[in-house]
Amino acid sequence: MSLAHPNMSADMAHSPVIRQLDETVINRIAAGEVVERPASAVKELVENAIDAGARRVDIAISDGGKGLIRVTDDGCGIPAADLPLALARHATSKIDGSDLLDIRSFGFRGEALASLGAVGRLTVTSRARGAGEAAQVSVTGGVMGAVTPAALTRGTVVELRDLFYATPARLKFMRTDRAEGQAIGDVVKRLALAEPSVGFTLRDVTGDGEGRVSFRADPETGDLFHALRGRVGRVLGSDFVENAIPLDADREGLRLTGLAALPTYSRGSAVAQYLFVNGRPVHDRLLIGALRAAYMDVLSRDRHPAAVLFIDCDPQLVDVNVHPAKAEVRFRERGTARGLIVSGLRHALAEAGHRASSTVATATLGAMRPEPASQPRVYQMDRPSQGALGAAYRFQEPPPVSGEPTGFAEAAAPSARIEPDAAPEEADRLPLGAARAQVHENYILAQTRDGIVIVDQHAAHERLVYERLKRQMAEAGVAAQALLIPEIVELSEGDCDRLMGVSEDLRRLGLTIEPFGGGAVAVRETPAILGEIDAARLLADILDEIADLGDSTTLGSRIDAVLSRVACHGSVRSGRRMRAEEMNALLREMEATPSSGQCNHGRPTYVELKLSDIERLFGRT
């Protein structure tokens, strides 16, 4: 049967002609890989500016970057004699071609300017350091003009107009000006995070006038970490910085630094995840999967962590030449990179202890709306005396009960109970304070030195029990149950090899598999805590995750999910009356337990309100 197109002539079908494409067509095809949208052009031009040693980069766009992209920098500039070569394909000053693994710059392929000139109207004006004057060259649809003198004090100005005018079909695939402008803003912010010492300005000059500044970040000073915090605060906001924990970990030549937000500062999507490898912004599935795995048991599946993570290593340990836009990388030791992120983040989250994000208190105060003041307000004394407090406690005490006390289940519990004298001395100076009352048999009110803490007793105890169960399992291992008759699961030979590659990791989690000939595997033991399982479906889920992320956390996730359910059923229930000593014991254990600031699903276990905020709420300040 012929595979030729039905409209082809018989001669063409039998003897297709091989042609050498001309240079213009080749450049436009290459541009399709490098310049996907206006944001891609901005990325390439700004990276060139940073590679040129710029300390200040100004970006101006119009019509979402489709009408104009102008990047101005104060870098080293390009000599007039080198301008034509700079616009040629595969011409670069950043590598000599001897070692493609020793990449220490953003760009290295020498394709960006040639690709932009092939699909738009490109003008480059530059003045090299020490040069007597500037020079300019233009490229329109791949056709280069002559080098001419120009006026410029220093650095380089690259102006790209009418993007994709030479390939108008591409314009039909562009999104709205607003959406393309937002994509450009995201690119600039990622590069601003990568280079805190460089100043960035993004301006929309659509229409007439100076335009509107949509993003500005001045150069940060100080040590590297201080500069990063300042830049992160400018890009992601002060709330992120206040609720983030610093990271600094290393493993086998790889170093992880950055900031990661507390689980209670989670987002509804992955928009606040910024990953960098040797300073290069990447969107790599391996790293994204590792970030997700690190927060696995402190966030629900519909929430996403916020983080700015930097992995630095010898360039020989990572290949950056695996993606047309250089957005993905390939580590020589994938497991090491993934393990560094997971262990580094989990250790940092554990070190955070009982901390919960400050935005929880902000949201709580925001939900409180004082009623309109129609009547004059009546104030009590600013600070009640101990005598007044004691009188109030005695007045609110329930009447004495005669006869045998009722059991826990039969007690007619009031909605609020006061515990005046049960707190240990100086307990209110501890982070979570001293328990003063229980409200609606579910919420513990504790007094701290400068505010109050409201604790969800069920959520808090659920987390404590869960962490206790995980510690016990880590110490004793995962108990396995041997199958009376091993279950044989038929797989392809490739899938069988992938499973056997992680068989030792699975065995430590209670799942023992062995090759059974061909592509089949025999499942001999399964984790006892999971009970009866569908082994074939479990192995399929593990294989899917390995194919997607290079590793699998499916089995560990299922075990943790069972532990979480056990913790939920074994924790203090809502509606249980707790004595003062029990409430204080719960607070002290929370202070000593990692991740106790959020329940197993990522919700906060307590809210802290500062006295100054409460007084402001009541108009006392």
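Our subject is the structure that appears above.
Side note on the overall build of the chain
Item 1. Tallying secondary structure elements over the chain gives 19 helices and 24 strands in all.
Item 2. Across the 621 residues that make up the chain, the buried fraction comes to 44%.
Item 3. Summing over all exposed atoms, the chain offers an accessible surface of approximately 32,200 Å²; the carbon and sulfur share of this is 52%.

Observations concerning the sheet that holds strand β12 (residues 273-277)
Item 1. The strand order across the open sheet built from five strands is β10-β11-β14-β12-β13, with neighbouring strands paired in mixed fashion. Edge positions in the open sheet fall to β10 (244-251) and β13 (280-282), since each of these has one partner strand only. Here the strands of the sheet are splayed against their neighbours by 20° on average, with no regard to which way each runs.
Item 2. Judged from the six bridges that link them, strand β11 (residues 254-261) and strand β14 (residues 307-312) form a sheet pairing that is antiparallel. The partner of Gly258 across the bridge, within β14, is Leu309.
Item 3. Sitting on the sheet, helix α9 (residues 285-294) is in contact with β12, β13 and β14, with an inclination near 130° to β12.
Item 4. Its contacts with the sheet place helix α10 (residues 334-351) against β10, β11 and β14, and it is angled at close to 140° to β10.

A short note on the packing of aromatic side chains
Item 1. Per the stated rule, a full pass over the model turns up two aromatic pairs.
Item 2. For the ring pair Phe240 and Tyr265, a centre distance of 6.1 Å and an interplane angle of 65° mean the geometry is edge-to-face. Separated by 25 residues along the polypeptide, Phe240 in helix α8 (residues 238-242) and Tyr265 in the loop between β11 and β12 bring together distant segments of the chain.
Item 3. The interplanar angle of 10° and the centroid separation of 4.6 Å between the aromatic rings of Phe276 and Phe310 together place this pair among those described as stacked. With Phe276 in strand β12 and Phe310 in strand β14, the pair connects residues that are 34 residues apart, well separated along the chain.
Item 4. Given the relative accessible area of 1%, Phe276 is considered buried.
Item 5. When the ring centre of Tyr165 is taken as origin, the NZ or CZ atom of Arg121, which lies over that ring, is 3.9 Å away.

Describing the packing of helix α3 (residues 38-51) against helix α5 (residues 112-119)
Item 1. Following both chains from N to C, one finds α3 and α5 inclined at 140°, their axes separated by 10 Å at the closest point. With respect to α5, the element α3 is oriented oblique. Here α3 and α5 pass one another in a crossing that is left-handed. In contact with Ala41, Glu44, Leu45 and Asn48 of α3, α5 contributes Ala112, Leu113 and Leu116.
Item 2. Its residues placed into classes, the contact of α3 with α5 shows five nonpolar, one polar and one charged.

Remarks on the pairing of strand β1 (residues 56-62)
Item 1. Among the seven residues in β1, five count as buried, and that is most of the element.
Item 2. Note: β1 against strand β8 (residues 199-204), six bridges, orientation parallel. Each bridged residue has a counterpart across the sheet, and for Ile59 the counterpart in β8 is Leu202.
Item 3. Pairing of β1 with strand β2 (residues 68-73) involves six bridges; the strand directions are antiparallel. Paired with Val57 across the strands is Asp73, a residue of β2.
Item 4. Hairpin connection, β1 to β2: the antiparallel pair is bridged by five residues, and Asp63 has positive phi, about 55°.

Re the pattern of salt bridges
Any two side chains of opposite charge can pair, given that their charged atoms come close.
Item 1. Throughout the structure, instances matching the rule amount to 23 salt bridges.
Item 2. Residue Glu159 is joined to Arg161 by a salt bridge in which the shortest nitrogen-to-oxygen separation is 3.1 Å.
Item 3. Owing to a relative accessible area of 38%, Arg161 belongs among the partly exposed residues under this scheme.

Some points on unusual backbone geometry
Item 1. The phi dihedral of His440 is positive, around 55°, even though this residue is not glycine.
Item 2. Structurally, the position occupied by His440 is in the loop between β18 (434-439) and β19 (443-448).
Item 3. A positive phi angle, near 65°, is found at Ser595, a position not held by glycine.
Item 4. In this structure, Ser595 sits in the loop between α18 (580-592) and β24 (606-610).
Item 5. For Ser595, a relative accessible area of 9% gives the class buried.

Comments concerning the sheet that holds strand β23 (residues 520-527)
Item 1. Pairing is antiparallel across the open sheet formed by three strands, whose spatial order is β21-β23-β22. Bordering the open sheet on either side are β21 (480-490) and β22 (512-515), each of which pairs with just one other strand. Shown here is a sheet whose adjacent strand axes are inclined to one another by a mean of 20°, direction ignored.
Item 2. Here β21 pairs with β23 via seven bridges, running antiparallel.

Some words on α10
Item 1. With 18 residues, α10 should cover 26 Å at 1.5 Å per step; its first-to-last C-alpha distance of 26 Å lies within 8% of that length.
Item 2. Taken as a whole, α10 has its buried residues at Thr336, Ala337, Arg338, Gly339, Leu340, Ile341, Val342, Gly344, Leu345, Ala348 and Leu349.
Item 3. Just downstream of α10, Gly353 is the residue with a positive phi angle, here 65°.

With respect to the environment of Val465
Item 1. With respect to the element layout, Val465 can be found in helix α13 (residues 457-476).
Item 2. Through-space distance from the C-alpha of Val465 to that of Ala567 is 5.2 Å; in sequence the pair is 102 residues apart.

What to know about the pairing of β12
Strand residues, when the strand is regular, have side chains that alternate between the two faces of the sheet.
Item 1. Burial of β12 is extensive: five of the five residues sit out of reach of the surface.
Item 2. Here β12 shows no split at all, with Gln273, Leu275 and Val277 on one side and Tyr274 and Phe276 on the other all buried.
Item 3. Both β12 and β13 contribute to a ladder of three bridges, which runs antiparallel. The partner of Phe276 across the bridge, within β13, is Pro281.
Item 4. Turn length for the β12-β13 hairpin, with the two strands adjacent in sequence and antiparallel, is two residues, and the turn residue Asn278 shows positive phi of about 50°.

Remarks on the environment of Gly518
Item 1. Relative to the assigned elements, Gly518 resides in the loop between β22 and β23.
Item 2. In sequence terms Gly518 and Ser492 are 26 residues apart; their C-alpha atoms lie 8.0 Å from each other.

Basis of the calculations
- Residues numbered from 1 in each chain as written.
- Predicted model: local features only at pLDDT ≥ 70, side-chain atom pairs only at ≥ 80, totals over all residues.
- Heavy atoms only, no water.
- Helix = DSSP H or I, 4+ residues; strand = E, 2+ residues; numbered from the N terminus.
- Buried < 20%, exposed > 50% of the residue type's maximum accessible area, 1.4 Å probe, protein only.
- Areas by Shrake-Rupley, 256 points an atom, 1.4 Å probe, with all protein chains shown as cover.
- Pairing = 2+ DSSP bridges.
- Axes fitted to C-alpha atoms, helices over the stretch in contact; angles between N-to-C directions.
- Contact = heavy atoms within 4.5 Å.
- Phe/Tyr/Trp six-rings, centres within 6.5 Å; stacked < 30°, edge-to-face > 60°.
- Lys NZ or Arg CZ within 6 Å of the ring centre and 35° of its normal.
- Parallel < 35°, antiparallel > 145°, perpendicular 65-115°, else oblique.
- Left-handed = near helix turned anticlockwise from the far one by under 90°.
- Nonpolar A, V, L, I, M, F, W, Y, C, P; charged D, E, K, R; others polar.
- Salt bridge = Lys/Arg side-chain N within 4 Å of Asp/Glu carboxyl O.
- Expected span 1.5 Å × (residues − 1).

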